[in-house]
Amino acid sequence: MGQIQATGVPLEKATTSNLDALRSFSLALASGRAGHWGESMQLLNQAIALDPDFGIAYVDRAQVWEGPGGDSERARADYEQAIRLRSRSTRCTSSPTRS
């Protein structure tokens, strides 16, 4: 857990219960901040492979795709996947309001 805290990613915002995916994601953020985009992409790919429903990992991977030499179509696909996952989790976790 020290690695997770060191990256400054609040656990409740990580949206995964897979600790290996969360670790890969946290390391990807640190790599990206250091300017190691290739390593960051590999770690984000690993996080998504470990948890295909890890929405924020898709957002961060899309941001890497938008960088120099990236691929805007892949970025768009990742953003769209993140939106689908967010919509699905919002529907699943929302509770009816009480009158």
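Quick caveat, the model's predicted, so the values are computed rather than measured.

**Focus: the pattern of salt bridges**
In total, this model carries 2 salt bridges according to the counting rule given. In this structure, D78 engages R61 in a salt bridge whose closest nitrogen and oxygen atoms are separated by 2.6 Å. Of the two residues, D78 is situated in helix 6 (residues 72-93) and R61 in helix 5 (residues 55-65); the sequence distance between them amounts to 17 residues. Note on accessibility: D78 and R61 belong to one class, buried. As a salt-bridge pair, D71 and R74 come within 3.8 Å of each other at their nearest N and O atoms. Residue class for D71 comes out partly exposed when judged on its relative accessible area of 26%.

**A few points about the confidence of the model for the chain**
This prediction gives the chain a mean pLDDT of 80; 74% of its residues lie at or above 70. Least confident of the elements in the chain is helix 1 (residues 2-7), whose mean pLDDT is 43; most confident is helix 4 (residues 37-50), at 97. Note on residues 90-99: pLDDT under 50 across the span, and 0 contacts to partners over four residues away in sequence or across chains.

**Side note on the side chain of S31**
Looking at the secondary structure, you find S31 in helix 3 (residues 19-33). Given a relative accessible area of 7%, S31 falls into the buried group. If we skip the residues at most four places from it in the chain, S31 touches H36, E39, S40 and L43.

**Here we look at the side chain of R61**
Look at R61 and you get buried, because its relative accessible area is 15%. Excluding its chain neighbours within four sequence positions, the residues that come into contact with R61 are M41, L44, N45, I48 and D78.

**Regarding the nonpolar core**
F25, L44, A47, F54, A57 and Y58 are the most contacted members of the largest nonpolar core, which totals 19 residues. Contacts of A47, omitting those with residues within four sequence positions, involve A21, S24, F25, F54 and A57.

**Looking at the environment of A82**
Residue placement: A82 occurs in helix 6. Taking the C-alpha atoms as reference, A82 lies 8.5 Å from D53; in sequence the two are 29 residues apart. With near-sequence residues (within four places) excluded, A82 lies in contact with G55, Y58 and V59.

Conventions adopted
Residues numbered from 1 in each chain as written. Predicted model: local features only at pLDDT ≥ 70, side-chain atom pairs only at ≥ 80, totals over all residues. Heavy atoms only, no water. Salt bridge = Lys/Arg side-chain N within 4 Å of Asp/Glu carboxyl O. Helix = DSSP H or I, 4+ residues; strand = E, 2+ residues; numbered from the N terminus. Buried < 20%, exposed > 50% of the residue type's maximum accessible area, 1.4 Å probe, protein only. pLDDT = per-residue confidence, 0-100. Contact = heavy atoms within 4.5 Å. Core = buried A, V, L, I, M, F, W, Y, C linked by side-chain atoms within 4.5 Å.

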